[in-house]
Every structure is written in structure tokens, then in C-alpha cells.
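For reference, the chains in residue letters:
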There are 2 protein chains.
Amino acid sequence: MAVMNQNYCNLKESYLFSQIAAKVNAFVEKHREKKVIRMGIGDVTLPLAPSVVAAMQKAVAEMGVKDTFKGYGPEQGYAFLRQALVKYYDNQGIGLAADEIFVSDGAKSDCGNITDLFDNVNTILVPDPVYPVYVDTNIMCGRKIVYVDGLPENNFLPMPDYAINADVIYLCSPNNPTGAAYTKEQLQAWVDYALSKDAVILYDAAYEAFVTDPDIPRSIFCVEGAKTCAIELCSLSKTAGFTGTRCGYTVVPHDLKRKAGNGADMSLNKMWLRRQTTKFNGVPYIIQRGAEAVFSTQGQAECQEMLDYYRENARIMMKTLAQKNIRFFGGVYSPYIWLQCPEGMGSWEFFDYLLEKLAIVGTPGAGFGKRGEGYLRLTAFGSREATIEAMSRIEEKL
Amino acid sequence: MAVMNQNYCNLKESYLFSQIAAKVNAFVEKHREKKVIRMGIGDVTLPLAPSVVAAMQKAVAEMGVKDTFKGYGPEQGYAFLRQALVKYYDNQGIGLAADEIFVSDGAKSDCGNITDLFDNVNTILVPDPVYPVYVDTNIMCGRKIVYVDGLPENNFLPMPDYAINADVIYLCSPNNPTGAAYTKEQLQAWVDYALSKDAVILYDAAYEAFVTDPDIPRSIFCVEGAKTCAIELCSLSKTAGFTGTRCGYTVVPHDLKRKAGNGADMSLNKMWLRRQTTKFNGVPYIIQRGAEAVFSTQGQAECQEMLDYYRENARIMMKTLAQKNIRFFGGVYSPYIWLQCPEGMGSWEFFDYLLEKLAIVGTPGAGFGKRGEGYLRLTAFGSREATIEAMSRIEEKL
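Residues numbered from 1 in each chain as written. Chains lettered and ligands numbered in written order. Predicted model: local features only at pLDDT ≥ 70, side-chain atom pairs only at ≥ 80, totals over all residues. Heavy atoms only, no water.

**Overview of the overall build of chain A**
Which entries qualify depends on this criterion: Each helix is a run of DSSP H or I of at least 4 residues and each strand a run of E of at least 2, with the numbering of both proceeding from the N terminus. Note on method: radius of gyration uses C-alpha positions; expected globular size equals 2.2 Å times residues raised to 0.38. Burial status follows relative accessibility: with a 1.4 Å probe on protein chains alone, a residue under 20% of its type maximum counts as buried, one over 50% as exposed, and anything between as partly exposed.
Scanning chain A for helices and strands turns up 11 helices and 15 strands. Scaling as 2.2 N^0.38, a compact globule of 398 residues should have a C-alpha radius of gyration of about 21 Å, and chain A matches this with 21 Å. Oriented by its inertia axes, the alpha-carbon framework of chain A measures out at about 60 × 55 × 55 Å. Of all 398 residues assigned to chain A, the portion counted as buried reaches 64%.

Written as C-alpha cells, this is what we have:
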């Protein structure tokens, strides 16, 4: 008799963004004349960079000709892309071997699938508020989950609590949903904690490209000791607008090892290679050529232009919120602004207010955890015009 | 202290195709003048169909323009592709709802990830010989695996053994590695067995497009009762040459349910949707437009031309093997020919002989399980010229 994974019964029935979509659709139905401005889901709006488009057109053409056609590629990604990533890290002063880098179809997939490598007895530590995927993927495994609180008092940058014995630690910086970014000293503290607990850090660097201050870390590997206790999950989704194009990369250092029950060394790099060669068949050749273009000099320039566009949106938003005396976090090294709901409103209450009165869609903080209650996330990914209009609605009517 | 998944210690160190690659590379190094003909790995060699190339060029261009740019798509795939698949099944007389179909980045990924839905107490039944992925993905979960034997006596089409209480059953037809294809009556017997044991069948239909006889099933769902006990895993890899382009689809019928511990119904369709919306972010828009073109009338015609090319290769191979009195299976509804090693040779022995003496690469049957010993797999995916040359080498020198 086939027995299903009973842990699925412990998942919340309705996923956050489905709930939001239902409310927004109902509003749109009732008020077809209103222009709804969507600042909820973190999806980009600018098209792919010209270098990327050109590279993919060339690759598509190659796939149509016998002599240049590509069949199965290496599951961990083509060398041309992994070499480009080695160089990308090298430019940050971080030395990696090409075989420490695994090309993926995005951080969300690898974030979910990396849980395969860990036993289900592990205690998982996540920040609160948090990207729901870290929690749900571990509920699916039946693992124990504990939280460290993001609070206004710590600028939504929770620090280690040595009273908690964490085995696997999720960190995301710059953070989704709060936009807060750890300093190097703070990340060192987390690495020291992980080393003392013999824990593994899963470091989500999806938003690293938004960092403009050289003192703010873009990779966990700028910290001493991180290569022995951390895996880094990266994505081209926000860096290069690849939300619908799907490419990322996961770094598993050779120095990251743990003991097996029999005392032998288990190399997490070898485990991930085994996992991916068994349960994955690589990212499309066409997409990898597009990703390679992202890391060319021209591609980097084009992507920074796109990032600057979103950064300017965020500046406009922060200016308006400051004028309205609304307390907020993030927005500086992040496309997300995490604002405190005015007049003590609850997050769904303020979500409803913004939708019904101003036709603006945000994401209620409670959807990200208990510490998200009383907060709301807005994104800077929209068009300049929509961003300006949304801010004038807030300025005039809030 | 992070504890790793100890089941990884139970995996064979060296993956079959890595071992083969090492031997081939060594031979090529020593004999640079020899033309090695590769009939080992099941990778296609014909380029993508013109309709597919055109559709992807158009989609790449769309991604470069703001108004047509696509960000996040539905994780289960765009409606345009799922509707095309509904029609594809409808043409076979099988009625499915669009939300029973989930677009994937290939059967290998879904084959691996579908194991998430099942408890680790389940007993897994696989045929022997078998595609190593079915076994390895379950070793990774620590599950008990039992085998049913493919033998010359049963034409490598093992049938149910009611003495075995299987919970999850892997079937692949037309088969990898043997090329054998079940009749409808035989599949009915498997469905009846699964129903009697309350088991779930994972049906790998990756090679269904090679079937030309209307009496040979292309889908498990042509069998009565299958919708209540089977999931079907499909791929465009061999159907349309997408080995490097990555697209497939998994069918999870609404009628497929099992009881939770508390007696409530667990819908596997809902579970798979939850799994994919949490741990996956969809197939690239560009690739889905390419896949849509595969299922257009023009695309289907172009793909059948490619399939005919490989079918003709297989016919040429079968003719030579028959002339040399080498017993074989498959080749008719499959790009794989499963041949008995001559003179009682072991499979690695014959592999070495073919490589060293004839510069032909096959895949030793022992790599697919105990019952593969004494057999070898050759593929019909090469060029016509290479296929003809390989066969004349066999004709003259074997």
C-alpha cells in the first residue's frame, strides 16, 4: 500500500501569493476603471539585456544546425558559464574552483532540493520574517524549525542566539522580505556561531547585485571560515531579470565536509554533484549562453543599468515614505521596502486599505511570519511611471 | 551539529556513464587515428526542428521588449502548452484536464523529485535491468527496493509477482535499456496488480513517440483504472530532440488519491502542485514556446521525420545483428537495441571488445542491473553514416 508523505498535511493550505491574487482579482472585477499598481510580488518588469537576447538568438540558431546542435550538457553546467562565474567571484576577491560552482535553473529549485542532502533529524533555524520557501521545504521533510526574530530593535537583522542549537541555518542578505543587509562583522558572527555548533549555513544571495557599498558583503565567502560551513545560493532572477528565463548557481566549497555515522568524511560538494547528476539534467544550452552574456563586460554594464532603474524607483519610494513619517527598512541595497503599517494597523488590514482605497498591491508582512505582523512589503520592480503614481497616491490620500 | 543524509553512503561511487567515459577517453588518447563510433549514451544527434527554432527565436525577441517580456510564469507551465498537451492526449483517445498536466524541465528531474511525495517506508518495485535513476533516487531516501526480472524468456517484459507487496512501481515502456514494449493486456495486468496492492505506478513514457503500432500503448492511461493508480512521466528529449533544451511533462490525474494517517484523502495532484509551487519556478518561457511548436501540426510532422531517421538507423542495425546471428530485443518501437553478448561474453568484456577491436562504444548491460549481465545496449541515435559504418565493422570483423 503506497503511503504518502504525511508531512504534506502540515503545510498551510493556501499559499500567500494565491491568497493575495484572489483578493486582487476580486477588486479588479469590481473596479475595472481603476488602475491597480502592483508592488506585491517580487517580479521584474524590464526586458532582458540586449547582450543576453543576442547571445540566446545565436544559441537558438546553433540548436537548429547539426554541426552546432547541443544534446545533453554536463549536469553541473557548461564550463564556459562556470568559468565566467569563477571570474565574477574573483573580481570580488573570492577564489573558487569551477567545480565548486553548480549552474541551476534558479535559487528556488536549489533551495528546495538542497534539503535532500540533510538528515531529517536536523534542527532548522530561520529568521522571522522569512521567505516562506525555507520553512515549507523543511515542513515537507518533517524537520523541527526554530526562529530568530527580526525586530525594529535589531533593524530586522537577527543575530545568533547561542542558547539555540541549530544544525542548518538559512540566511538571506540583502533580505527578502525586509531588504536589510548584514555587515561583514555580523556575517562573521553568524559564521562563528555555525562553526561552534557544527552547523551548515544556507546563504541566499539572490539580491547581492543590489549592493553598492563595498563594505556590505555580497557573498558569505568574504567571511573567514565560511568555506567550511556554508553553501551559497545565487540567482540571475533579480540580477539580470531572469525570473522567466530561469538560471542561478549554487556554490558548494570543497572545504565543506561533515562526518558520516562511521566517521568517514562526507563532502557536501560530492553529495551535491551526485544529487544533481542523478535527479537533474542541467539548464538548457540556450539559457546558459544567455547567462554567460550576463557576466560579460557589456552584459554587466547593461544589467547595472537595469538595477539602477529599480534603485531609483526605491529612492522615490523611500522619499515619499519618509515624508509621510512612515517607518521603513530596506530599499537601499534591495528592491524591497519593509514598512511599518501606519496607525498600528495589522498587515492584512493595511494591505486591504492600500488595495481598496489606493488601488496599490503590497504583500502583508504576516505572510512572512509572526514578526511580519504590523509590516508590509512593497517592491521597486515596477515601471517608473507606476512607481511615481503610486507614491503620489500615498502622498495625497494616505 | 548538521547531520548529512547517510543514505548517500549507500550509493555506488562511480556512475555508469562516468566509468564508460573514462574508458573511452583512455582509448581515444591512445588511438587518435581511429574513428570512434558512439552508440552508448542515449543522446540525440539531429538538430531541433525548424518550427521549434522559429518559435524560440520569436520568444527570445519577445523577452527583449518591455511589452512582451515575461517574468515569472505559472510553476505548472503556461496554459498554451498545457492545452497543446491536452489535445495531444485527446488525439490518442485519452481525456485529461489541463490541470492534470505539469510542465517540467524533463522526465529525469520529475522522476527524481516525485519521490518527495512518498513516505520512506514504501517498498519500491523496479524491473531488472533498469534505468539507474529509479534505483539511485530511492537509495537516497533509504527505501527498500525489490526487483522483477527481465529475461529472454519473458522478452524482457517482466510481469507482476503477487508474492511481492509493492507500494511504488516503476515501469518504462518502450523500455530503457531493452527497447521492449508492453502490450495493452500486459499493462492492464500491471494496473490490476497495482490496484490490488493499493500501489502507485510511476510510468515512464519517455520513448512513447517511437511507437508506430496502434495496438502498442503510448500512455498508461489507455488502460482501465490507471487514472486511480498511476502517474505518467513524459519527455521531449527523444520525441523532439530536447536533450539539451530540457522540457517534459508529468500527468497526475485527479482520481489519484491515497488516505492520510487520519483517514482524510490525500490528492497526489494537489501534493505535486504544492511541491512544484514550493520547490520549482517553472520552465523558461522561451523553452515552453519551443515545446508548444513540437505539438503543432507542422512540428509533429518535423519530429516524426526525425524519429523516422532514427527508426531507419535501428532497422539497419537489426538487419546486421540478425545476419550475424546475434540475439537482440527492442529496436522496433525504440532507439535502443538490447543484444545478447556473443560467445557467452560478459557485458563489460564485450564492451571492451567492441571498443578496442571495432572502436564502437556501447553500454554494458551490467550497468543496468544483475539481469543486464551478458547483454549490451546500442543506440540508434547516431548519424546514418556512422550507423552504417559501425554495422559494416560488425559485419566484417566480429
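**What to know about the packing of aromatic side chains**
Quick reminder of the rule: By convention, a stacked pair of Phe, Tyr or Trp rings (six-membered ring in the case of Trp) has centres within 6.5 Å and planes under 30 degrees apart, an edge-to-face pair has planes over 60 apart, and any other such pair is tilted.
What the rule picks out here adds up to 48 aromatic pairs over all chains. Relative to A:Tyr249, the ring of A:Tyr89 has its centre 6.3 Å away and its plane inclined at 90°; by these criteria the two rings are edge-to-face. Here A:Tyr89, found in helix α3 (residues 79-90), pairs with A:Tyr249, found in strand β8 (residues 248-251); they are 160 residues apart in sequence, far enough to count as distant. The exposure class of A:Tyr249 is buried, given its relative accessible area of 3%. Their ring planes at 80° and their centres at 5.8 Å tell us that B:Phe156 and B:Trp338 sit as a pair that is edge-to-face. One end of the pair, B:Phe156, is in the loop between β4 (144-149) and β5 (168-172); the other, B:Trp338, is in strand β12 (residues 336-340), with 182 residues separating them in the sequence. On the accessibility criterion, B:Trp338 (0% relative accessible area) is buried.

**Side note on the pairing of strand β12 (residues 336-340) of chain A**
Residues and elements named next belong to chain A. Filter applied, for reference: Any two strands are treated as partners once DSSP identifies two or more bridges connecting them.
In terms of burial, β12 is largely enclosed, as four of its five residues are buried. Both strand β11 (residues 328-330) and β12 contribute to a ladder of three bridges, which runs antiparallel. In the strand pairing of β12, Gly330 is matched with Ile337. The turn linking β11 back onto β12 is made up of five residues, and Gly331 within it adopts a positive phi angle of 80°. The pairing of β12 with strand β15 (residues 375-379) spans five bridges and is antiparallel. Bridge assignment links Ile337 to a residue of β15, and that residue is Leu378.

**Focus on the sheet that holds β12(B)**
The pairing of strands in a sheet comes from backbone hydrogen bonds and takes either a parallel or an antiparallel form. Residues and elements named next belong to chain B. Put simply, the rule reads: Contacts: residue pairs with any heavy atoms within 4.5 Å of one another. All axes here are fitted lines through C-alpha atoms, helices being fitted over the stretch that makes contact, and every angle between N-to-C directions spans 0 to 180 degrees.
Pairing is antiparallel in the open sheet, where four strands are placed in the order β11-β12-β15-β14. Every interior strand has two partners, whereas the edge strands, β11 (328-330) and β14 (363-364), have only one. Sheet strands touched by helix α10 (residues 347-358): β12, β14 and β15 (375-379). Its angle to β15, the strand with the most contacts, is close to 45°.

**Concerning unusual backbone geometry**
In the segment running from A:Asn176 into A:Pro177, the intervening peptide bond is cis, with an omega of 15°. Mapped onto the secondary structure, A:Pro177 falls in the loop between β5 (168-172) and α6 (184-197). Between B:Ser173 and the following residue, B:Pro174, the backbone shows a cis peptide bond with an omega angle of -10°. For B:Asp198, which is not glycine, the phi torsion reads 55° and is therefore positive.

**Observations regarding the pattern of salt bridges**
Filter applied, for reference: We count a salt bridge whenever a side-chain nitrogen from Lys or Arg sits within 4 Å of a carboxyl oxygen from Asp or Glu.
This model, assessed by the stated rule, comprises 32 salt bridges over all chains. Between A:Lys35 and A:Glu389 there is a salt bridge; the shortest N-O distance is 3.7 Å. Taken together, the residues A:Lys35 in the loop between α1 (16-30) and β1 (37-38) and A:Glu389 in helix α11 (residues 384-397) connect sequence positions 354 residues apart. Judged by relative accessible area, which is 46%, A:Lys35 ranks as partly exposed. For A:Glu389, a relative accessible area of 29% puts it in the partly exposed group. B:Lys23 is the salt-bridge partner of B:Asp352, the closest N and O atoms lying 2.9 Å from each other. Of this pair, B:Asp352 sits in helix α10 while B:Lys23 sits in helix α1 (residues 16-30), and the two are 329 residues apart along the sequence. Judged by its relative accessible area of 26%, B:Asp352 falls in the partly exposed class. Residue B:Lys23 is classed as partly exposed on the basis of its relative accessible area, which comes to 33%.

**What to know about the relation of the copies chain A and chain B**
Convention followed: The atoms used to superpose the copies are C-alpha atoms, taken from residues with pLDDT of at least 70 in both, and the fit is least squares.
Overlay of chain A on chain B (RMSD 0.0 Å): rotation 180°, translation along the axis 0.0 Å. The operation mapping one copy onto its partner corresponds to a two-fold rotation axis. Rotation axis and chain A: the residue whose C-alpha lies nearest the axis is A:Gln57, separated from it by 3.0 Å. The residues that chain A uses at the interface reappear at the interface of chain B in 100% of cases, marking a shared surface.

**Section: the interface of chain A and chain B**
The accessible area lost on association of the parts is a frequent measure of interface size. What counts is decided by this rule: By convention, the term buried area covers the 1.4 Å-probe accessible surface removed from two parts as they join, with the contributions of both added. Residues adjacent in sequence count toward polar contacts only when both atoms are side-chain atoms; beyond that, a polar contact is any pair of N or O atoms within 3.5 Å, and within protein one must be able to donate a hydrogen and the other to accept it.
Of the residues lining the interface, 84 residues belong to chain A; the matching set on chain B comes to 84 residues. In total, chain A and chain B occlude about 6,800 Å² of area from one another, counting both sides; carbon and sulfur atoms represent 58% of this. If you sort the residues of chain A by the area they bury against chain B, A:Met4, A:Tyr72 and A:Arg274 come out on top, with a joint share of 12%. Our count for the chain A to chain B interface comes out at four salt bridges. Residue B:Arg274 pairs with A:Asp136 through a salt bridge whose shortest N-O separation is 3.2 Å. Counting every contact that joins chain A to chain B gives 37 residue pairs in polar contact (both at pLDDT 80 or more). Mapped by element, the contributors of at least two residues to the side of chain A that touches chain B are α2 (50-63), α4 (107-113), α5 (132-139), β9 (257-259), α7 (268-279) and α8 (285-294) of chain A.

**Describing the pairing of strand β6 (residues 200-204) of chain A**
All names here are of chain A. For the record, the criterion: Handedness of a crossover: with both strands directed away from the viewer, a clockwise path from the first strand across the helix to the second marks it as right-handed.
Within β6, five of the five residues are buried, which leaves it mostly tucked inside the rest of the structure. Of the two faces of β6, the one lined by Val200, Leu202 and Asp204 and the one lined by Ile201 and Tyr203 are each fully buried. Pairing geometry for β5 and β6, over five bridges, is parallel. Within β6, the residue paired with Val168 across the bridge is Val200. The handedness of the β5 to β6 crossover, carried by α6, is right-handed. As paired elements, β6 and strand β7 (residues 230-235) share four bridges and run parallel to each other. Across the sheet, residue Leu202 finds its bridge partner in β7, namely Ile231.

**Considering the side chain of A:Asp43**
Convention followed: Under this rule, positive means Lys or Arg and negative means Asp or Glu; His and the chain ends count for nothing.
Along the chain, A:Asp43 turns up in the loop between β1 and α2. Buried charge without a partner: A:Asp43 forms no salt bridge, and the closest opposite charge is A:Lys238, 7.0 Å away. In this structure A:Asp43 touches A:Thr243, A:Phe381, B:Gly71 and B:Tyr72, once residues within four positions along its chain are discounted.

**Some details on the packing of α1(B) against α10(B)**
Residue and element names in this part refer to chain B. For the record, the criterion: Working rule for handedness: look at the near helix, and if it is turned counterclockwise from the far one by less than a right angle, call the crossing left-handed; if clockwise, right-handed. Classification used: nonpolar for Ala, Val, Leu, Ile, Met, Phe, Trp, Tyr, Cys and Pro, charged for Asp, Glu, Lys and Arg, polar for all others including Gly.
Viewed as axis vectors pointing N to C, α1 and α10 meet at an angle of 35°, and their least axial separation amounts to 11 Å. In this structure, α1 crosses over α10, and the sense of that crossing is right-handed. Between α1, through Leu16, Gln19, Ile20, Lys23, Val24 and Phe27, and α10, the contact on the second element is made entirely by Trp348, Phe351, Asp352, Leu355 and Glu356. Split by residue class, the contact of α1 with α10 holds seven nonpolar, one polar and three charged.

**Here's the deal with the confidence of the model for chain A**
Note the following rule: pLDDT: the predictor's confidence for each residue, scored from 0 to 100.
Per-residue confidence for chain A averages 97 on the pLDDT scale, and 100% of its residues sit at or above 70. Scoring of the predicted complex yields 0.97 for pTM and 0.97 for ipTM.

**Here's the deal with the sheet that holds β6(A)**
Residue and element names in this part refer to chain A. Strand order in the open sheet formed by seven strands is β2-β8-β7-β6-β5-β3-β4, with mixed pairing between adjacent strands. A single partner strand is all that each edge strand has here, and the edge strands are β2 (101-104) and β4 (144-149). Averaged over all pairs of adjacent strands, the angle between strand axes in this sheet comes to 20°, irrespective of strand direction. When strand β3 (residues 123-128) meets β4, the two strands line up parallel, connected through six bridges. Counted as the bridge partner of Val126 is Tyr147 from β4. In the packing of α3 onto the sheet, contacts are made with β2, β7 and β8, and the angle to β2 comes to roughly 120°. Helix-sheet contacts for α6 involve β3, β4, β5 and β6, and the interaxial angle to β5 is about 170°.

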